[in-house]
Amino acid sequence: MLHIAIINGPNLNLLGVREPEIYGHQSFEQYLNQLAERFPLVHIHCHQSNVEGELINYMHGCMGKVKGIILNAGAYTHTSIALADAVTAINIPTIEVHISNVLAREEYRKTSYIASKCVGAISGLGIDGYALAVQYFIDNTILPGK
Ligand code: DQA
């Protein structure tokens, strides 16, 4: 079983309700059920928090437990050196995901403190960016006995 974590930052608990023209109409809970069906051999640990330090604590707790992290840090992407340091500190391959195309929006969304610490980034492909990141980990993670 491949264990990976999806970590969502501030305001992503409001997916489906929040600015649906940008972020879509689906709640993350609904989407997560679809992901579980789509990837039966992957155990997806999911965590959302609106609090920077809680996100960092959760990331620390991922050490030794997951082979990859999918991180949508929301607006902390553009502000948080602490989250960027956490990505480096835990040394777990991390993919940055954004539902919207952050490079096509306001100037302040064009900076990511996290991007250079990540394996790569998926931005602007909608909520299914998370599935693409899961597929990346399936294709690129060496598991014992595989
Ligand atoms: C976001 C983009 C961020 O700029 C924004 O602050 C979010 C969501 C996205 O998924 O498109 O909260 O990370």
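Residues numbered from 1 in each chain as written. Predicted model: local features only at pLDDT ≥ 70, side-chain atom pairs only at ≥ 80, totals over all residues. Heavy atoms only, no water.

Enquirer: For this particular structure, what's the right way to read the sheet that holds strand S1 (residues 2–8)?
Expert: On the basis of which strands lie adjacent, the open sheet formed by five strands has the order S2-S1-S3-S4-S5 and parallel pairing. In this open sheet, the two strands that pair with only one neighbour each are strand S2 (42–48) and strand S5 (120–123). For this sheet, the mean angle separating the axes of adjacent strands, direction not counted, is 20°. Taken together, the three bridges between strand S3 (residues 68–72) and strand S4 (residues 94–98) define a ladder with parallel strand orientation. Bridge pairing in S4 links Leu71 to Glu96. In this fold helix H3 (residues 52–61) packs onto S1, S2 and S3, with an angle of close to 175° to the strand it touches most, S1. (Pairing = 2+ DSSP bridges. Helix = DSSP H or I, 4+ residues; strand = E, 2+ residues; numbered from the N terminus. Axes fitted to C-alpha atoms, helices over the stretch in contact; angles between N-to-C directions. Contact = heavy atoms within 4.5 Å.)

Enquirer: What exactly am I supposed to notice about the site of the ligand here?
Expert: In the vicinity of the ligand, the residues found are Arg18, Tyr23, Asn72, Gly74, Ala75, His78, His98, Ile99, Ser100, Val102 and Arg109. Between an oxygen atom of the ligand and a side-chain N or O atom of Arg18, the distance comes to 3.0 Å. When the ligand is considered free in solution it has 320 Å² of accessible area, and contact with the protein chains removes 99% of it. The cavity where the ligand resides is the largest pocket. A breakdown of the residues in the shell around the ligand according to their chemical character gives four nonpolar, five polar and two charged. (Near = heavy atom within 4 Å. Polar contact = N/O pair within 3.5 Å; in protein donor to acceptor, adjacent residues only side chain to side chain. Areas by Shrake-Rupley, 256 points an atom, 1.4 Å probe, with all protein chains shown as cover. 1 Å grid on protein atoms, 1.4 Å probe; cavity = no way out; pocket = protein on both sides within 12 Å on 5 of 7 lines; lining within 4 Å. Sits in = over half its atoms within 2 Å of the grid points. Nonpolar A, V, L, I, M, F, W, Y, C, P; charged D, E, K, R; others polar.)

Enquirer: Which parts of the structure should I look at to understand the packing of H3 against helix H4 (residues 81–90)?
Expert: For any two helices packed against each other, the geometry is given by the interaxial angle and the distance between the axes. Interhelical geometry of H3 versus H4 gives an angle of 5° and a closest axis separation of 10 Å. By the angle between their axes, H3 is roughly parallel relative to H4. Seen from H3, the contacting residues are Glu52, Leu55, Ile56, Met59 and His60; seen from H4, they are Ala82, Leu83, Ala86, Val87 and Ile90. (Parallel < 35°, antiparallel > 145°, perpendicular 65-115°, else oblique.)

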